[in-house]
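Structural overview for review
Next come the chains, spelled out residue by residue.
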Amino acid sequence: MGRGKLRIYLGAAPGVGKTYAMLSEAHRRVQRGTDCVVAAVEHHGRARTETLLHGLEQAPQASGRDAAARTELDLDAVLERAPRVALVDDLAHTNAPGSRNAKRWQDVEELLAAGIDVVSTVNIQHLESLGDVVESITGVRQRETVPDEVVRRADQIELVDMSPQALRRRMAHGNIYQPDRVDAALSNYFRPGNLTALRELALLWVADHADEYLQRYRSEHRVSRIWGSRERIVVGLTGGPEGRTLIRRAARLAEKGAGGEVLAVYVARSGGLTAASPKELTVQRTLVEDLGGTYHHVLGEDVPAALLDFARGVNATQIVLGSSRRKAWQYVFGPGVGATVARESGPDLDVHIVTHEEVAKGRGLPVARGARLGRARRVCGWIAGIGGPLLLTLLLNTVHLGLANDVLLYLALTVAAALLGGLYPALASAAVGSLLLNWFFTPPVDRITIADPRNMLALAIFVGVALSVASVVDVAARRTHQAARLRAEAEILSFLAGDVLRGETSLETLLERVRETFGMESAALLEREDDVAPWTCAGRAGHGPPVERPDDADVDMPVGDHMALALTGRVLPAEDRRVLAAFAAQAAVVLDRRRLREEADRSRALAEGNRIRTALLAAVSHDLRTPLAGIKAAVTGLRSDDVAWTEEDRAELLEGIEEGADRLHHLVGNLLDMSRLQTGTVTPLIREIDVDEVVPMALGGVPEGSVDLDIPETLPMVAVDAGLLERAMANLVENAVKYSPGGRTVLVAGSALADRVEVRVVDRGPGVPDEAKDRIFEPFQRHGDAPRGTGVGLGLAVARGFAEAMGGTLNAEDTPGGGLTMVLTLRAAAPAAPSAVSSSREPHRSHPPRDPATPERQAAP
């Protein structure tokens, strides 16, 4: 038995009518013949609620309960009774001591696991995540709570809403609490401000849940058009502790718009170490993913430019940055990342600068620098290496300190030039300083000669120390650059490997990650079968020019002998190709994984085909034998000379022969249709037609007067195959007529919705359980106890197959008030679309007129 369905009535406060709505729903279900039992409902002395309990079966209470606990749920009794639907009030209720479970929602979980549908109630203040918010509003801490996930997993959530003024009137009239509690309630918990805030919480929570359902609906129905605007918010992370504040702020901004999306991005520079903490970045990545956003890691020398390029690449509308962590004196080196991004963002991007506790406490987003020491340091090094000795010479010509002190001062300048600019400025400083020392301060002066050997030794030591210090500084700078580079590469490869190993990255997503990481226009994975075969594109991302060969790309990275990763946009430096090689290898892995998955899908399709063929043999051996046996018996009887048949008997036998032949014709037609669908030989001839021209032609196989048509002439034309649509509608209508009770007609109604047209076939029969709504479209399935002689179970499977072949959908829904509604969704014809789409294969569209036959509603047995 499958898991039961949970329906929750959610209210903003006690007294809005949740229990009343739940009991009203129970009466409606009982009138439809559903087995409903009141498992635990407390009417709190409310007369109208108590009245609704009459006429509903109530489960016995657990033995040993005292009077104060008389409404406790007896879980074992309900499980033993095993009703179809159980009513369980107050989902957040805490059970009495000694109960099997501490909370009532845990009892509900056991009922659902046993296959029992549950209808329950809960107030917004009992949701666990809103405890602090509710306490700040009402001043009351809720001790009874239910985890949000339990409520979110409900199959249906219905908001029971009432304005604060109406709720207070109900309270004043004594419809909620006893009269002695009314005044205290109105002046405390039920104040207008409290009720308004709680109502807003309930509305926002339900709106969020409805948005999740809307996204699933759009995905399932393949709705590509945008419904409303969507905010994309990019968060610039530094790896510092303020990142969590920025992510939460961006998430709140995204919640204010429909379908808001948060993209957190960290720009890793390849030219120097940053203050980023790998541990903190991991925590922030987890946080943004928990809030429904995505994390991105990109390389960029210029952080503001990299942020803006990323934001424009993902079509973002807002950027959230933290206030700079730089101290005041550090602004002499530049305006900072935030100011630069705000200045260059343009009119299409809003930039939010968010304050935080780390302001002015240290470095924020790193300032863009060149490779190794950076351009500014190199310029300062050359100034100190050449200009410094000249200025020092002017100074020493006025103040005589002795040759030893002069040499030490020139050596200090050379060391400063080495620390600032590295090797070459230090060499220049040593050369200029030694010449100046020799000319101005080493006897004989004003000549490039040295008379005292000791002075020559001093100059040699001076040059040696200068070269040694410059070499050490240069090596340190080179190692710093390499460490920063390797660290950035390690971070990127770590995130890449994690995504791929978890199977969360598709090939297109991985290529998009490559494109945005290296700032390229496009990325493509090319492959070929052998050395002379042409290249083909296995996957592509970006908007650059298409690449047909690796040689045409700006950057190509071979993957084996017959595969290559090709990028367009700019030429990458050699050090970037190491990371690119890792991306290329992972792309090959993802492609192999995708093909293995496709191969598994094909294997499943073959297995399904074998099952279909086996079922076809069973159908031929059994279901076709029954009408054949009836025809054979009737013909044998008519040809017999031993019996004198009356005219009435002969007419009855002939009618049986005709019915058997019609049944055979219908069954063989469905078998042929299903075999064509399974082998993929159905090729529709799409034309623009009016629905009201085709649907009436599908009613030839049902009794006259059994169907009501409501197809407006104003419906848009649809792009379908008329023959396939007629066969699909005929199967749907005949199936609905079969299960409609006597005297109740089937309604066939049409309506337009955006770029689609829906045709609904509505019956008032027994309906189909939710868990069987998908299985009724599987071949060779019947619903419930339908006799085998009624058909082989292909009618709805054929109808769905034809609908999907025409680019439409076919789904089953409950009919309000009881019954089943088949919803056939078709594509509306484009105003300027061609009238037909030709095909070289013979289209499967012409069928003989429909003959009366008894269809079968299909479902899992």
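Below, the structure is looked at part by part. All figures in this text were calculated on a predicted structure; none of them were measured in a lab. (Residues numbered from 1 in each chain as written. Predicted model: local features only at pLDDT ≥ 70, side-chain atom pairs only at ≥ 80, totals over all residues. Heavy atoms only, no water.)

This next bit is on the sheet that holds strand 6 (residues 156-160). Taken together, the six strands give an open sheet; going across it, the order is 3-2-4-5-1-6, and neighbouring strands pair in parallel fashion. With partners counted over all chains shown, the strands left at the sheet margins are strand 3 (57-58) and strand 6, one partner each. When strand 2 (residues 36-40) meets strand 4 (residues 85-88), the two strands line up parallel, connected through four bridges. Paired with Ala40 across the two strands is Val88, which belongs to strand 4. Contacts between helix 1 (residues 18-31) and the sheet are confined to strand 1 (6-11), strand 2, strand 4, strand 5 (117-123) and strand 6, with strand 1 contributing the most and set at about 145° to the helix. The strands that helix 4 (residues 104-113) touches are strand 1, strand 2, strand 4 and strand 5; relative to strand 4, the one it contacts most, it runs at about 180°. (Pairing = 2+ DSSP bridges. Helix = DSSP H or I, 4+ residues; strand = E, 2+ residues; numbered from the N terminus. Contact = heavy atoms within 4.5 Å. Axes fitted to C-alpha atoms, helices over the stretch in contact; angles between N-to-C directions.)

The next point concerns the environment of Leu237. Among the structural elements, Leu237 can be located in strand 7 (residues 232-237). On the basis of relative accessible area, Leu237 is assigned to the buried category, the value being 1%. Sequence spacing of Leu237 and His297 is 60 residues, and the spatial spacing of their C-alpha atoms is 9.8 Å. (Buried < 20%, exposed > 50% of the residue type's maximum accessible area, 1.4 Å probe, protein only.)

Every α-helix carries 3.6 residues per turn, so stepping three or four residues along brings you back to the same face. Burial runs high along helix 24 (residues 795-805): nine of the eleven residues are buried. Among the residues of helix 24, Gly795, Leu796, Ala797, Val798, Ala799, Arg800, Gly801, Phe802 and Ala803 are the ones counted as buried.

Right, let's get into the pattern of salt bridges. In this structure the tally under the stated criterion is 24 salt bridges. Between Arg81 and Asp35 there is a salt bridge whose closest N-O contact spans 2.7 Å. Placement of Arg81 in helix 3 (residues 75-81) and of Asp35 in the loop between helix 1 and strand 2 is noted, with a sequence separation of 46 residues between them. The residue Glu57 makes a salt bridge to Arg81 at a minimum N-O spacing of 2.9 Å. Residue Glu57 is found in strand 3, and its partner Arg81 is found in helix 3; the two are separated by 24 residues along the sequence. When its relative accessible area of 38% is taken as the criterion, Glu57 is described as partly exposed. We classify Arg81 as partly exposed; its relative accessible area is 32%. The network of salt bridges with common partners includes Arg7, Glu25, Arg28, Arg29 and Glu158. (Salt bridge = Lys/Arg side-chain N within 4 Å of Asp/Glu carboxyl O.)

The next subject is the sheet that holds strand 12 (residues 522-527). What the four strands build is an open sheet, ordered 13-12-15-14; its pairing is antiparallel. Of all strands in the sheet, those with a lone pairing partner are strand 13 (536-542) and strand 14 (555-558), marking the two edges. Geometrically, the sheet is characterised by an average inter-axis angle of 15° between neighbouring strands, direction not taken into account. Against the sheet, helix 18 (residues 507-518) contacts strand 12, strand 13 and strand 15 (563-568), and its axis sits at roughly 55° relative to strand 13.

This is a description of form; function is not addressed.
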